[in-house]
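Here are the chains, one letter per residue:
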Amino acid sequence: MDSRKEVLHETLIITIGQVICIAAMFGIFALLGYFDSTVVFGGILGGILAILNFLFMAISVCVASDRAVAQDVKGGKSLMTFSMVLRYVVIFIVWVAGAVSGLCNAIALVLPIVFVRPTITVWEFFRKKENPAVTEMAAETPSEEESEKEGET
């Protein structure tokens, strides 16, 4: 259950990042004079596609890691490969259908998938990490055996 909560939390972070980046993309399209309904549809569809891609990737990683813990490494690897191929095929089909239909701006449709990586990078930068001073002090603290040996000499 803990890994499910983590997957949903990470997906929420990606969703927030997508909303911010897509809003910025809309602003740039408007400043350049290319903003229209195809940009809106492309941005929304691309954002949904990017979020779902991340969610399904995270779920398949959790399932594959559970299989690896259960000593089924080959099954986990094949699940990851199948998941990746299936997700890429779906992304490609949606991109082609959206661009060919004329309902979506092709650039606005493709860009949201690129926004995932910067979102992860920014999130990792601001995420709370262990205090390095505490970790360093723990590494420098001698173990009980070392203390006893020093006391004997």
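Residues numbered from 1 in each chain as written. Predicted model: local features only at pLDDT ≥ 70, side-chain atom pairs only at ≥ 80, totals over all residues. Heavy atoms only, no water.

## With respect to the layout of surface pockets
Now for step 1: By volume, the largest pocket amounts to about 220 Å³.
Now for step 2: Along its surface, the largest pocket is lined by Leu49, Leu52, Asn53, Phe56, Ser60, Leu79, Phe82, Ser83, Leu86, Arg87, Val90 and Ile91.
Now for step 3: Sorting elements by how many residues they give to the lining of the largest pocket places helix H3 (residues 73–101) first, with 7 residues.
Now for step 4: In terms of residue class, the lining of the largest pocket is built from 8 nonpolar, 3 polar and 1 charged. (1 Å grid on protein atoms, 1.4 Å probe; cavity = no way out; pocket = protein on both sides within 12 Å on 5 of 7 lines; lining within 4 Å. Points joined across faces, edges and corners; volume = space filled by probe spheres on them. Helix = DSSP H or I, 4+ residues; strand = E, 2+ residues; numbered from the N terminus. Nonpolar A, V, L, I, M, F, W, Y, C, P; charged D, E, K, R; others polar.)

## Some words on the nonpolar core
Now for step 1: Listed in full, the 7 residues of the largest apolar core are Ile22, Met25, Phe26, Phe29, Val39, Ala108 and Phe115.
Now for step 2: Ranked by the residues each element gives to this core, the list is headed by helix H1 (residues 2–32), at 4 residues.
Now for step 3: Dropping the residues within four chain positions of it, Phe115 is found in contact with Gln18, Cys21, Ile22 and Met25. (Core = buried A, V, L, I, M, F, W, Y, C linked by side-chain atoms within 4.5 Å. Buried < 20%, exposed > 50% of the residue type's maximum accessible area, 1.4 Å probe, protein only. Contact = heavy atoms within 4.5 Å.)

## Comments concerning H3
One turn of the α-helix equals 3.6 residues, which is why residues spaced by three or four share an orientation.
Now for step 1: With 29 residues, H3 should cover 42 Å at 1.5 Å per step; its first-to-last C-alpha distance of 42 Å lies within 8% of that length.
Now for step 2: Those residues of H3 not exposed but buried are Gly75, Gly76, Ser83, Arg87, Ile91 and Gly98.
Now for step 3: Here the buried face of H3 lies against helix H2 (37–69) and helix H4 (106–114).
Now for step 4: Gly102, located one to two residues past H3, shows a positive phi value of around 85°. (Expected span 1.5 Å × (residues − 1).)

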